[in-house]
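Okay, here's what each chain looks like letter by letter:
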Amino acid sequence: MTRRVLSALTVAMIPLFAAVGTPAATNGTACANLAALTIPNITVRAAALVPAGPFAPPGAQNSITLPAFCRVEATARPTTDSDIKFEVWIPPVDAWNGKFQGVGNGGYQGSISYTAMATAMRKGYATASTDTGHTGDDMKFGQGHPEKVIDYGYRAIHVMTETSKLIVRNATGKFADKSYFVGCSAGGHQAMSEAQRFPDDYDGIIAGDPAHNRIRQTFGFMWSWAATHGADGKPILTQQNLSLVSKAVVDACDAVDGLKDGLIDDPRKCHFDPAKLICPSTSSADDATCLTRAQADAIKRVYDGARNPRTGEPIFTGWPRGSEGFGETAGQGWRQYLTEPGEPSRVGLFRYFLFHDPNWDWRTLDYDRDLAYAEQRLAMLPAVERDLTPFKKHGNKLIVYTGWADPVVPPQDTAAYYEAVAKTMGGYDKTRDFFRFFAAPGMGHCAGGPGPNQFEALAALEQWVEKGIAPDKLIASHTSNGKVDRTRPLCPYPQVARWKGTGSIDEAGNFSCVAPEAATKKTPTTPSGQQ
Ligand SMILES: [Ca+2]
């Protein structure tokens, strides 16, 4: 839907709204009347008041407890091949905070994010989520359906957003005062795409660990899988290897940032060579305290990242030191996306989106020719525009965060994007007035990890959008066994948190945000009795 059509539509809908009468979602009639809304290319399949209590999301094992709300189920068909399902949940007028929150998805997940919607609605937001135009997490939907790839790439979120705003308005009698988008991983990609492609959709956007450099990241997945598997397709690295390396990396690089606290502030400054862990010739073949040459080489190749074999130019950054295996689960390290899958992660992008050949063999990937082809044919997927002038001009605000130990979306790529935007926008000063980037040392993908990784990005964003108070830090906390055991400020990039020299290193108040050069000027410090 173009903006012009939307404006015309808004005017055309005023009589309809008047006919609806009582503008209150507490009124079951008002909610049910939303089923009669006429919006081009949109079918409102159902609209009904859901009473407070347990709600069982379709396809979910467990129900979630929710306050009363108006549930709208709709389908958008912006093209004849589109089938974008989305839901809009609207709290009763007296419980509504007057805002709309769009929520994102994960991976290639073709399902509505009910849990994220529930979180938003409990806080008083009207909220919406979409299945991005397909069902399931594999990528077969793209085979022979280029319009569905566009729906997944960016269109579903946009259509959901502009339609949801109209639906919320018709349920409550007024438009949302402010609109926010919150997403991580693929949701971070969607967030970036909204800021770049539809700069007036949201007043404020949060992009967590954004997988927005999607084509090149998929080349990175191919590269890293090949690097960590033998010619027989068997994995070279075990969980034990990965944990061993993560520990060795922290031992080697913890103090580089000036404070021995078990965390690496910026893995780009860590150059640990896994060859240091190669077993002496006297050790037994199954020695768990060291690596074989092949294992060390595999790790090094993942750090180094994919390169164009013809030009030698980097295609995609490697995965950061510290992300190898910092926890027990597959997602707390390289196992989930790099070492454990039976074939490279997201190989479906080539099979179903690019070559439309389900039998395409990843071994035939040409890192030169196929990259150029993919970037030409699948331009709807990445969201890597560096000129954010339209978004800035609308007065909108963007917060991007990531974990410096993210084993899924390499944080170096997110940092490189921020630097590139700053360069394009005329410097950090002209960027941080609308876009701030926070990287959390020792945080994994979207959450978790040895570093403080829980923080209120949305509250900070709202302060910024609604009161003009830009976040000069986010306070992050780390929890063990249900107890907060460390807090730390996350600083707006390129600043880093520096310990003031006194007090506990586990308390955020004893740190200040400083320029990275200033942080490491002093000799490394180890406060006594604190590690
Ligand atoms: Ca440190």
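Look up a bit, the structure's there.
The structure presented is a predicted model; accordingly, all values stated were derived computationally and were not measured. (Residues numbered from 1 in each chain as written. Predicted model: local features only at pLDDT ≥ 70, side-chain atom pairs only at ≥ 80, totals over all residues. Heavy atoms only, no water.)

K.L.:
Is there a simple way to explain the coordination of the calcium ion in this structure?
P.N.:
Note on metal sites: the ideal angle is 109.5 degrees for four tetrahedral donors, and 90 or 180 degrees for six octahedral donors. Here the calcium ion is held by the protein donor atoms Asp254 (O), Asp254 (OD), Asp257 (OD), Asp257 (OD), Leu259 (O), Asp261 (OD) and Leu263 (O), which lie 2.3 to 2.7 Å from it. In the primary structure, the donors to the calcium ion are separated according to the pattern D-x2-D-x1-L-x1-D-x1-L. The exposure classification of aspartate 257 matches that of aspartate 261, with both residues buried. (Donors = N, O, S within 2.8 Å, 3.2 Å for Na, K, Ca; no water. Buried < 20%, exposed > 50% of the residue type's maximum accessible area, 1.4 Å probe, protein only.)

K.L.:
I tried to follow the sheet that holds strand S11 (residues 435–440) on my own but got confused; where do I start?
P.N.:
Neighbouring strands of a sheet are bound in pairs by backbone hydrogen bonds; such pairs are parallel or else antiparallel. Pairing in this open sheet of nine strands is mixed, and the strands run S1-S4-S5-S7-S6-S8-S9-S10-S11 from one edge to the other. The sheet is open, and its two edges are formed by strand S1 (42–50) and S11, each paired on a single side. Each strand axis lies, on average, 15° off the axis of its neighbour in the sheet, ignoring direction. As judged from the five bridges shared by strand S6 (residues 99–103) and strand S8 (residues 178–184), these two strands associate in the parallel manner. Each bridged residue has a counterpart across the sheet, and for valine 103 the counterpart in S8 is valine 182. Lying on the sheet, helix H3 (residues 114–122) is in contact with strand S4 (69–76), strand S5 (84–90), S6 and strand S7 (126–130); it crosses S5 at an angle near 20°. (Pairing = 2+ DSSP bridges. Helix = DSSP H or I, 4+ residues; strand = E, 2+ residues; numbered from the N terminus. Axes fitted to C-alpha atoms, helices over the stretch in contact; angles between N-to-C directions. Contact = heavy atoms within 4.5 Å.)

K.L.:
Even after reading the chapter, I still don't get the packing of helix H6 (residues 214–227) against helix H8 (residues 293–304), so can you show me in this structure?
P.N.:
Two packed helices can be described by the angle between their axes and the distance between those axes. Taken N-terminus to C-terminus, the directions of H6 and H8 make an angle of 170°; their axes are 8 Å apart at the nearest point. On the basis of the axis angle, H6 is roughly antiparallel to H8. Residues Trp223, Ser224 and Ala227 of H6 lie in contact with H8, whose contacting residues are Ala298, Arg301 and Val302. Considering only residue class, the contact of H6 with H8 consists of four nonpolar, one polar and one charged. (Parallel < 35°, antiparallel > 145°, perpendicular 65-115°, else oblique. Nonpolar A, V, L, I, M, F, W, Y, C, P; charged D, E, K, R; others polar.)

K.L.:
What is the right way to read the state of the cysteines from this model?
P.N.:
Cysteine pairs can be covalently joined through their sulfur atoms, and such a bond is termed a disulfide. In total, this model carries five disulfides according to the counting rule given. Here cysteine 31 is linked by a disulfide to cysteine 70, with a sulfur-sulfur distance of 2.1 Å. One quick way to see it: the torsion about the S-S bond of cysteine 31 and cysteine 70 is about 85°, and its sign makes the bridge right-handed. Pair noted here: cysteine 31 is in helix H2 (residues 28–33) and cysteine 70 is in strand S4, with a separation of 39 residues, a long-range link. A single burial state applies to cysteine 31 and to cysteine 70, both of which are buried. Cysteine 491 shares a disulfide with cysteine 513; S-S distance 2.1 Å. What sets the handedness of the cysteine 491 and cysteine 513 disulfide is the S-S torsion sign, and at about -85° it is left-handed. One end of the pair, cysteine 491, is in the loop between strand S13 (483–490) and strand S14 (496–499); the other, cysteine 513, is in strand S15 (residues 511–514), with 22 residues separating them in the sequence. Since its relative accessible area comes to 23%, cysteine 513 is described here as partly exposed. Of note for the protein: the bonded cysteines, numbered N- to C-terminal, pair according to 1-2, 3-8, 4-5, 6-7, 9-10. (Disulfide = S-S within 2.5 Å.)

K.L.:
Looking at this structure, how should I read the packing of aromatic side chains?
P.N.:
One pair of aromatic rings is described through two measures. These are the centre distance and the angle between the planes. Applying the stated criterion to the full structure yields 34 aromatic pairs. Linked through ring pairs, Phe391, Tyr417, Tyr418, Tyr428, Phe434, Phe435, Phe437 and Tyr493 together constitute an aromatic cluster. The positively charged end of lysine 165 is found above the aromatic ring belonging to tyrosine 202, 6.0 Å away from the centroid. Between arginine 214 and the ring centre of tyrosine 108, over which it is positioned, the NZ or CZ distance is 4.9 Å. (Phe/Tyr/Trp six-rings, centres within 6.5 Å; stacked < 30°, edge-to-face > 60°. Lys NZ or Arg CZ within 6 Å of the ring centre and 35° of its normal.)

K.L.:
Help me understand the packing of helix H4 (residues 146–172) against helix H5 (residues 186–197) in this model?
P.N.:
Closest axis-to-axis distance for the H4/H5 pair is 9 Å, and the angle between their directions is 70°. Here H4 is positioned roughly perpendicular relative to H5, judged by the angle of their axes. Residue-level contacts link Tyr152, Gly153, Tyr154, Ile157, His158 and Thr161 of H4 to Ala186, His189, Gln190, Ser193, Glu194 and Arg197 of H5.

K.L.:
What is the right way to read the pairing of strand S10 (residues 397–403) from this model?
P.N.:
Walk down a regular strand and you will see the side chains alternate between the two sheet faces. Within S10, seven of the seven residues are buried, which leaves the element mostly enclosed by the surrounding structure. Residues Lys397, Ile399, Tyr401 and Gly403 point to one face of S10 and Leu398, Val400 and Thr402 to the other, with burial holding for every one of them. The sheet contact formed by strand S9 (residues 204–208) and S10 spans five bridges and is parallel. Bridge assignment links isoleucine 206 to a residue of S10, and that residue is isoleucine 399. Where S10 meets S11, six bridges bridge the pair, whose relative direction is parallel. When the bridges of S11 are listed, tyrosine 401 appears paired with phenylalanine 438.

K.L.:
Any chance you could explain the pattern of salt bridges here in plain terms?
P.N.:
Note that side chains of opposite charge can pair when their charged atoms are close. Evaluation of the coordinates by the stated rule reveals 24 salt bridges. Across the pair aspartate 433 and lysine 392 runs a salt bridge, and its minimum N-O distance is 3.4 Å. Of this pair, aspartate 433 sits in the loop between helix H14 (428–432) and S11 while lysine 392 sits in helix H12 (residues 389–393), placing them 41 residues apart in sequence. Put simply, Arg45, Arg71, Glu73 and Glu87 are held in one network by salt bridges that share partners. (Salt bridge = Lys/Arg side-chain N within 4 Å of Asp/Glu carboxyl O.)

K.L.:
Where do I start with the nonpolar core in this structure?
P.N.:
Core analysis: the largest hydrophobic core is formed by 55 residues, its most contacted members being Phe219, Trp334, Leu349, Phe350, Phe353, Leu378 and Leu381. Those elements that provide at least two residues to this core are H4, H6, helix H7 (239–253), H8, helix H9 (335–339), helix H10 (348–354) and helix H11 (369–377). Residues Ile84, Ala128, Ala195 and Ala439 belong to the second largest nonpolar core, which totals 49 residues. (Core = buried A, V, L, I, M, F, W, Y, C linked by side-chain atoms within 4.5 Å.)

K.L.:
Explanation requested: unusual backbone geometry in the structure shown.
P.N.:
Working note: non-glycine residues mostly have negative phi, and peptide bonds are mostly trans. Geometrically, the link from tyrosine 493 to proline 494 is a cis peptide bond, its omega value of 10° lying close to zero. With respect to the secondary-structure elements, proline 494 resides in the loop between S13 and S14. In this structure, arginine 346 takes a positive phi of about 65° despite not being glycine. Examined against the element boundaries, arginine 346 turns out to sit in the loop between H9 and H10. The backbone of cysteine 446 sits at a positive phi, close to 70°, despite the residue not being glycine. By the secondary structure assignment, cysteine 446 is in the loop between S11 and helix H15 (457–467).

In short, shape yes, function no, at least from these values alone.
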